[in-house]
Amino acid sequence: GVFDVGFLKSVPGMTVCSPGDRRDFVRMLELSVAANGPFAVRYPKDAAYDLSEQLGERPPMVPGTGVMVADGSDVAIVSLGPVLRSALEAREVLARDGVQASVADLRFAQPLDTGLLARLAGTCRAVLLAEETTRSTGVYDAVVEALVHSGMNISCIGRCGVPDAFPAQDKRVHLLTTYQLDGPGLAHAAQALLAGADRR
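Remember, it's a predicted structure, so these values are computed and weren't measured experimentally.

Basis of the calculations
Residues numbered from 1 in each chain as written. Predicted model: local features only at pLDDT ≥ 70, side-chain atom pairs only at ≥ 80, totals over all residues. Heavy atoms only, no water. Helix = DSSP H or I, 4+ residues; strand = E, 2+ residues; numbered from the N terminus. Rg over C-alpha atoms; globule rule 2.2 N^0.38 Å. Buried < 20%, exposed > 50% of the residue type's maximum accessible area, 1.4 Å probe, protein only. Contact = heavy atoms within 4.5 Å. Areas by Shrake-Rupley, 256 points an atom, 1.4 Å probe, with all protein chains shown as cover. Axes fitted to C-alpha atoms, helices over the stretch in contact; angles between N-to-C directions. Parallel < 35°, antiparallel > 145°, perpendicular 65-115°, else oblique. Left-handed = near helix turned anticlockwise from the far one by under 90°. Arc of directions from axis to C-beta. Polar contact = N/O pair within 3.5 Å; in protein donor to acceptor, adjacent residues only side chain to side chain. Pairing = 2+ DSSP bridges. Right-handed = clockwise from strand over helix to strand, strands pointing away. Salt bridge = Lys/Arg side-chain N within 4 Å of Asp/Glu carboxyl O.

**Student:** Describe the overall build of the chain, with residues and values.
**Tutor:** Helices and strands together make up the secondary structure of the chain, namely eight helices and eight strands. Computed over C-alpha atoms, the radius of gyration of the chain comes to 16 Å, within 12% of the 16 Å expected from 2.2 N^0.38 for 200 residues, which places it in the range of a compact globule. By its C-alpha atoms, the chain is 45 × 35 × 35 Å across when sized along the principal axes. The buried share of the chain, taken over its 200 residues, is 50%. Pairs at least 24 residues apart make up 79% of the contacts formed inside the chain by residues separated by at least 6 positions. Carbon and sulfur atoms form 54% of the exposed surface of the chain, whose accessible area is close to 9,700 Å².

Written out as structure tokens, the structure is:
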């Protein structure tokens, strides 16, 4: 499953999306029915949890649009898919240390919301991408390109994800911890990214 975003994105005209929770999963399925081209919805083997209390009222689901979930000026945690829950947990951990973190849910790996990324480049000191894919098959390269194009220094951009190797077979919750994709792992990576940005 960590490789599928890469091979799906290689199909011309393919829309590739990944819901952050159960409600967005349903909305993406509804969107796929109305699509005029190939449409892929990526979801994990996990409980279908609902983040409605944290997310509040949701904007319309439009292909290629992400959404700002929470605002902050220090570091932006940009998530793709259900790792959104970890990003929200990381924001709480960072807040206890006085770090203001914004959280953005990309929702779509293709087409990518470059406008949302440009906004983050102009409002945050650093951006951390969280994705449950390998680096070479995920959206990291496209995200970096969009952020740098919008004026962000590449040293202020980080990533938590799966290495370019076959992952060990384990429960998803254990793998998230292994790859720093749980709340504490993302918070620690964000702190390290900010420390590096401050030394520039």
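**Student:** Outline the packing of helix α5 (residues 114–123) against helix α6 (residues 140–149), supporting the account with residue identities and numerical values.
**Tutor:** Running from N to C, α5 and α6 cross one another at 55 degrees; their axes reach a closest spacing of 8 Å. Taken together, the axes of α5 and α6 are oblique relative to one another. Classified by chirality, the crossing of α6 by α5 is right-handed. Mapping the contact onto sequence places Thr114, Leu117 and Ala121 in α5 and Val143, Ala146 and Leu147 in α6.

**Student:** Go over α5, please, and point to the residues and values.
**Tutor:** All of the buried residues in α5 are Leu116, Leu117, Leu120 and Ala121. What you see down the axis of α5 is that its buried residues fit within an arc of 145 degrees, all on one side. The elements touched by buried residues of α5 are β3 (67–70), β4 (75–80), β5 (101–105), β7 (126–134) and α6. With a side-chain oxygen positioned 3.3 Å from the backbone nitrogen of Gly115, the residue opening α5 is Asp113.

**Student:** Lay out the pairing of β4 with the relevant residues and their values.
**Tutor:** Extensive coverage of β4 is indicated by the burial of six of its six residues. Because side chains alternate across β4, one face comprises the buried residues Val75, Ile77 and Ser79, and the other comprises Ala76, Val78 and Leu80, equally buried. The pairing of β4 with β5 spans five bridges and is parallel. Among the inter-strand pairings, Ile77 is bridged to a residue of β5, identified as Val103. Taking the sense of rotation as the criterion, the β-α-β connection linking β4, helix α4 (residues 84–96) and β5 turns out right-handed. As defined by bridge partners, β4 adjoins β7 across six bridges and the pair is classed as parallel. Its bridge partner lying in β7, Val75 is registered against Ala126.

**Student:** Before we move on, can you summarise the pattern of salt bridges with the specific residues and values?
**Tutor:** Under the counting rule described, the total for this entry stands at 10 salt bridges. Among the ionic pairs, Arg27 bridges to Asp24, the shortest N-O distance being 3.0 Å. Placement of both Arg27 and Asp24 in helix α2 (residues 22–34) is noted, with a separation of three residues, approximately one turn of the helix. The residues Arg27 and Asp24 share a single accessibility class, namely buried. In this structure, the salt-bridge partner of Arg58 is Asp50, at a minimum N-O distance of 3.7 Å. What you see here is one network of salt bridges that share partners, running through Asp21, Arg22, Asp24, Arg27, Asp50 and Arg58.

**Student:** How would you explain unusual backbone geometry if you had to name every residue and give the values?
**Tutor:** For the peptide bond that leads from Gln110 to Pro111, omega is -5 degrees, which places it in the cis range. Turning to its location among the elements, Pro111 is positioned in the loop between β6 (108–110) and α5. Phi is positive for Arg107, which is not a glycine, with a value near 65 degrees. Locating Arg107 in the fold gives a position in the loop between β5 and β6. Overall, the relative accessible area of 2% leaves Arg107 in the buried class. Positive phi outside glycine occurs at Gln180, with the angle close to 60 degrees. Along the chain, Gln180 turns up in the loop between α7 (172–178) and α8 (183–198). Taking relative accessible area as the criterion, Gln180 reaches 30% and is therefore assigned partly exposed.

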